[in-house]
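Here's the letter readout for the chains.
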Amino acid sequence: MKYQGVFFDFDYTLGDSTPAIAEGYRLGFAALGLDPPTVEQVRATIGLTLADGYALLTGDHNPERQEVFYRTFQHAVGVKAQGPGRALMIEGTTLFPGAVELLQALKDSGRRTAIVSTKPGDTIRRIFEHQGRLDLLDLVVGGDEVHHSKPHPEGLGIALERLGLRAEQVLFCGDTVIDAATAQAGGCEFCAVLNGTTKAQAFDRFPSVHIAQNLTDLKNWIAV
């Protein structure tokens, strides 16, 4: 088989945390006296760091205000949250149709699977644990577990090293051009997955081996 490993982004590639992320943005903006963004505006930020998402929607690059937004988000629905807010992120996140079947097929075929995401690693692991599917993943590298965010290939490199794979043995799958740039920087082949807000033509400037309409398409293309 061509690929010994298949690695994934998480948000809008394998799963959807929009309700929790939108709530975090709403409360973060409120803490700064800003009108809440729409869900569609928030959707356009998913895959970015929280600081970059805030700056994209507000044009505000003030680090102190970005820190207030970040801190409020994390205490509302993120890693510092408890009770309903944390439940919204963990239990309210859904996996896309075909995600479980794809990951199970990869596992059954002997391929290694990893998630390399800007989302905190513990959050991703808890989402899969809640779904009863954590066994389908060999590794999760979250955004809080690296020094450099995507498109820097640090997270990808960590996953390759820990799983004993070379870049040319791995396919990286993601829904944004940030993921495409990450794969290119890390030396992996890339497959775009059109589950998010990025259109197919946006990937034209990056090398890709396939553009999958959904995860079932990806599973069929990999032939697992």
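Small disclaimer: the values here were computed from a predicted structure and weren't measured.

Asker: What am I meant to see in the pairing of strand E1 (residues 5-8) here?
Answerer: In regular strands, side chains alternate between the two faces of the sheet. Alternating positions in E1 separate into two faces, Gly-5 and Phe-7 on one and Val-6 and Phe-8 on the other, with burial throughout. Relative to strand E4 (residues 112-116), E1 is paired through four bridges, and the arrangement is parallel. The residue of E4 that forms the bridge with Phe-8 is Ile-115. Here E1 runs beside strand E6 (residues 170-174); their pairing, made up of four bridges, is parallel. By the bridge assignment, Gly-5 is partnered in E6 with Val-170.

Asker: Could you clarify how one ought to interpret the environment of Asp-122 in this entry?
Answerer: With respect to the helices and strands, the residue Asp-122 is situated in helix H7 (residues 121-131). Residues in contact with Asp-122, not counting those within four places in the same chain, are Arg-86 and Glu-145.

Asker: Quick question: what am I supposed to make of the environment of Cys-173 here?
Answerer: Locating Cys-173 in the fold gives a position in strand E6. C-alpha separation for the pair Cys-173 and Asn-62, spaced 111 residues apart in sequence, amounts to 33 Å. Dropping the residues within four chain positions of it, Cys-173 is found in contact with Val-6, Phe-7, Phe-8, Asp-9, Thr-13, Phe-190, Cys-191, Val-193 and Leu-218.

Asker: What's the story with the sheet that holds E6 in this structure? I'm lost.
Answerer: Sheet strands pair via backbone hydrogen bonds, and the direction of the pair is either parallel or antiparallel. Strand order in the open sheet made by the six strands is E5-E4-E1-E6-E7-E8, with parallel pairing throughout. Strands with a single pairing partner mark the edges of an open sheet, and in this sheet they are strand E5 (139-141) and strand E8 (210-212). Across the sheet, the axes of successive neighbouring strands diverge by a mean angle of 25 degrees, strand direction being ignored. Contacting E1, E4, E5 and E6, helix H8 (residues 154-163) crosses the sheet at an angle of about 155 degrees to E4. Against the sheet, helix H10 (residues 215-222) engages E1, E6, strand E7 (189-193) and E8, with an angle of about 145 degrees to E8.

Reading guide: rules and limits
Here, residues in each chain are numbered from 1, in the same order as that chain's written sequence. Under the rules for a predicted model, residues below a pLDDT of 70 receive no local features and side-chain atom pairs below 80 are neither given nor counted, while totals for whole chains, interfaces and linings still include all residues. The side-chain numbers reported here are obtained from all heavy atoms of the structure, hydrogens and water having been left aside. When accessible area is computed with a 1.4 Å probe and restricted to protein chains, residues below 20% of their type maximum are described as buried, those above 50% as exposed, and intermediate ones as partly exposed. Helix and strand labels come from DSSP, where a helix needs a run of H or I of at least four residues and a strand needs a run of E of at least two; each type is numbered from the N terminus. In this scheme, strands are said to pair when DSSP sees at least two bridges between them. Should any heavy atoms of two residues lie within 4.5 Å, those residues are counted as being in contact. Note on geometry: axes are C-alpha line fits, over the in-contact stretch for helices, and angles between N-to-C directions span 0 to 180 degrees.

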